Amino acid sequence: MCVAVCALVMILHSDVSAQVKEPTRPVARLITDNPSYSRARRVDETPEPAANAMGPTLEQANPIERRAFEQTNAERVKNGLPAFVWDPDLCRMARSQSERMAKQGYLSHSLDGLRLRERARAVGIAHYAVLGENIAYNFGYEDPGGFAVERWMLSPGHRANILEAGFKAMAVGTFIATDGSVFLTQTFITR
């Protein structure tokens, strides 16, 4: 289809056919305007468990998810903290959030009115003390998982989640949109 459209455009605008189109520049976004949603917070209620299948193991995670997980643990170790344990349920929850963000076309910790604890309940995460989340979007980077962690470490709220000593487990869930945009959700938990 692009060939037909491009050919039609070239016919209609043959005087600009000698122009060279600039390469697309990479794009990245983080949510920082409402830090209360991205920072760790204590949960006073224990959600009702839901019966759902377990999420992917670290070995079953895709390369972007594994890279972000490994880079996050490298940052923790560099800062004198223990590495996170991979949590398959968090990966399933994070993948779902990334997919919703991609399909709705924007970054938000609270899509469709579902906040972090409601999303945890929906995937069957029943027992926890604290949850946290980082989200990001990027396009055109060779290492989207590593780049997201690099940018999160430059943002005080996101960095605080990554370096929170109280968090013991974490997972990353990604969704790649049809245009190649990568949506990443990093979810933290203390059970």
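Residues numbered from 1 in each chain as written. Predicted model: local features only at pLDDT ≥ 70, side-chain atom pairs only at ≥ 80, totals over all residues. Heavy atoms only, no water.

A.B. asks: Help me understand the packing of aromatic side chains in this model?
C.D. replies: Where two aromatic rings form a pair, the distance of their centres and the angle of their planes describe that pair. On inspection of all chains with the given rule, the structure shows five aromatic pairs. The interplanar angle of 50° and the centroid separation of 5.5 Å between the aromatic rings of phenylalanine 84 and phenylalanine 188 together place this pair among those described as tilted. With phenylalanine 84 in the loop between α3 (63–78) and β3 (85–86) and phenylalanine 188 in strand β6 (residues 182–190), this pair connects stretches of sequence that are 104 residues apart. Comparing phenylalanine 84 with phenylalanine 188, the two get one shared label, buried. Measuring from ring centre to ring centre gives 3.9 Å for tyrosine 141 and phenylalanine 147, while their planes differ by 10°; the resulting arrangement is stacked. Accessibility expressed as a relative area gives 29% for tyrosine 141, which makes it partly exposed. The class for phenylalanine 147 is buried, based on a relative accessible area of 14%. (Phe/Tyr/Trp six-rings, centres within 6.5 Å; stacked < 30°, edge-to-face > 60°. Helix = DSSP H or I, 4+ residues; strand = E, 2+ residues; numbered from the N terminus. Buried < 20%, exposed > 50% of the residue type's maximum accessible area, 1.4 Å probe, protein only.)

A.B. asks: What should I look at first to understand the confidence of the model for the protein chain in this one?
C.D. replies: Any residue range with low pLDDT should be treated as having predicted coordinates unsuitable for detailed reading. Looking at the protein chain as a whole, its pLDDT mean stands at 78, while 72% of the residues score no less than 70. No element of the protein chain has a lower mean pLDDT than helix α1 (residues 2–12), at 30, and none a higher one than α3, at 98. (pLDDT = per-residue confidence, 0-100.)

A.B. asks: Any chance you could explain the nonpolar core here in plain terms?
C.D. replies: Soluble globular proteins: nonpolar side chains tend toward being buried together. Judged by nonpolar contacts, the single largest core of 33 residues is most densely connected at Ile125, Trp152, Leu184 and Ile189. Core analysis: the next-biggest nonpolar cluster, separate from the first, contains seven residues, Met101, Ile135, Tyr137 and Ala177 among them. (Core = buried A, V, L, I, M, F, W, Y, C linked by side-chain atoms within 4.5 Å.)

A.B. asks: Which parts of the structure should I look at to understand the pattern of salt bridges?
C.D. replies: Side chains that differ in sign of charge can pair as their charged atoms come close. This structure, assessed with the given rule, holds eight salt bridges. The partner of arginine 191 in a salt bridge is aspartate 87, and the shortest N-O contact between them spans 2.7 Å. Taken together, the residues span a long stretch of sequence, with arginine 191 in the segment after β6 and aspartate 87 in the loop between β3 and α4 (88–104) at a distance of 104 residues. Between glutamate 133 and arginine 119 there is a salt bridge, and its shortest N-O distance comes to 2.9 Å. Residue glutamate 133 is found in strand β4 (residues 130–139), and its partner arginine 119 is found in helix α5 (residues 116–122); the two are separated by 14 residues along the sequence. Comparing glutamate 133 with arginine 119 shows no difference in burial state: the two are buried. (Salt bridge = Lys/Arg side-chain N within 4 Å of Asp/Glu carboxyl O.)

A.B. asks: Explain the environment of arginine 119 to me, please; I cannot follow it from the model alone.
C.D. replies: By relative accessible area, arginine 119 is classed as buried at 3%. As a C-alpha pair, arginine 119 and alanine 94 span 25 residues in sequence and 9.3 Å in three-dimensional space. Beyond its immediate chain neighbours, meaning those up to four positions away, arginine 119 contacts Met93, Gln97, Arg100, His109, Leu114 and Glu133. (Contact = heavy atoms within 4.5 Å.)

A.B. asks: Whenever I open this one, the side chain of glutamate 75 confuses me. Can you help?
C.D. replies: By the secondary structure assignment, glutamate 75 is in helix α3. With residues up to four places along the chain from it excluded, the contact list for glutamate 75 reads Val149, Met153, Ile162 and Leu163.

A.B. asks: Looking at this structure, how should I read the pairing of β4?
C.D. replies: One face of the sheet, then the other: side chains in a regular strand alternate in exactly this way. Burial analysis of β4 places nine of its ten residues in the buried class, which makes it a mostly covered element. As paired elements, β4 and β6 share nine bridges and run antiparallel to each other. Directly across from glutamate 133, in β6, lies its bridge partner threonine 187. (Pairing = 2+ DSSP bridges.)

A.B. asks: Looking at this model, I keep getting lost on the packing of α3 against helix α6 (residues 144–154). Mind explaining?
C.D. replies: Axis angle and axis distance: for two packed helices, these are the angle between their axes and the distance between the axes, and together they describe the pair. Packing of α3 against α6 brings their axes to within 7 Å, and their N-to-C directions diverge by 35°. Seen from above, α3 lies across α6 with right-handed handedness. Where α3 approaches α6, its residues Ile64, Arg67, Ala68, Gln71, Thr72 and Glu75 are matched on the opposing element by Pro144, Gly145, Gly146, Val149 and Met153. Residues belonging to the contact of α3 with α6 are distributed by class as follows: five nonpolar, four polar and two charged. (Axes fitted to C-alpha atoms, helices over the stretch in contact; angles between N-to-C directions. Left-handed = near helix turned anticlockwise from the far one by under 90°. Nonpolar A, V, L, I, M, F, W, Y, C, P; charged D, E, K, R; others polar.)

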